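So you can see what is in the structure, the chains are spelled out below.
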Amino acid sequence: MASVHHLLSQIPQDLPYETLISRAGDLFVQFPPSELAREAAQQQSQRTAVSTFKDFELVSAQQRPDTVLRRRFKEQLAKEVESKAVMARPRSSRFVKLAVMGLTVALGAAALAVVNTALQWAPKIDLQLFP
């Protein structure tokens, strides 16, 4: 009620009510509501809108999150298979692996021996440097 009162209180006092009412009646006779509804429905069906666009359903189905994720997963899987095929090398020999491990152990042992020798000589070097 308050909004209706506010709206009616905003109407100017000098409005030509009789002219407006007669003009509305003429428009009602000239353009009946049923005819307007029919024409609106006809224009809606003839219009190339998103709702009537045939490929829209296909495009929207391809853009659903589950479809997009499934397609991305398949593409990623295909890329991984390709990269594995390109990078696939014959298996390295056991002898090569053993040789690398042997060299690693030998270098570690040599480094340990150098550290132990340095610790044994350290007191002798300290005495010679600082008499």
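Residues numbered from 1 in each chain as written. Predicted model: local features only at pLDDT ≥ 70, side-chain atom pairs only at ≥ 80, totals over all residues. Heavy atoms only, no water.

## Focus on the overall build of the protein
Applied cut-off: Where helices and strands are cited, they refer to DSSP runs of H or I of at least four residues and of E of at least two residues respectively, numbered from the N terminus. For every residue, the accessible area (1.4 Å probe, protein chains only) is compared with the maximum for its type, and the residue is labelled buried under 20%, exposed over 50%, or partly exposed between those bounds. Surface exposure here means Shrake-Rupley accessible area, sampled with a 1.4 Å probe, where a residue is shielded only by the protein chains that are shown.
When its secondary structure is counted, the protein shows six helices and zero strands. The N-to-C order of helical and strand elements in the protein reads α-α-α-α-α-α. Across the 131 residues that make up the protein, the buried fraction comes to 2%. Element-wise, carbon and sulfur atoms account for 66% of the exposed surface of the protein, whose accessible area totals about 12,700 Å².

## Quick word on the confidence of the model for the protein
Put simply, the test is: For every residue, the predictor assigns a confidence score, pLDDT, that lies between 0 and 100.
Put simply, the protein has an average pLDDT of 79, and 76% of its residues get 70 or more. By mean pLDDT, helix α4 (residues 54–62) is the weakest element of the protein at 69, and helix α2 (residues 17–30) is the strongest at 91.

## Quick notes on a nonpolar patch on the surface
For the record, the criterion: Residues with no salt bridge and a relative accessible area higher than 30% make up the patches, which join like charges within 9 Å and nonpolar side chains (Val, Leu, Ile, Met, Phe, Trp, Tyr) within 5 Å. For this document, the term salt bridge refers to a Lys or Arg side-chain nitrogen within 4 Å of an Asp or Glu carboxyl oxygen.
Residues Val4, Leu8, Ile11, Tyr17 and Ile21 make up a contiguous nonpolar surface patch of roughly 480 Å² in combined accessible area. Of all the elements in the fold, those that place two or more residues in the nonpolar patch are α1 (2–9) and α2. Structurally, Tyr17 can be placed in helix α2. The exposure class assigned to Tyr17 is partly exposed, which follows from its relative accessible area of 40%.

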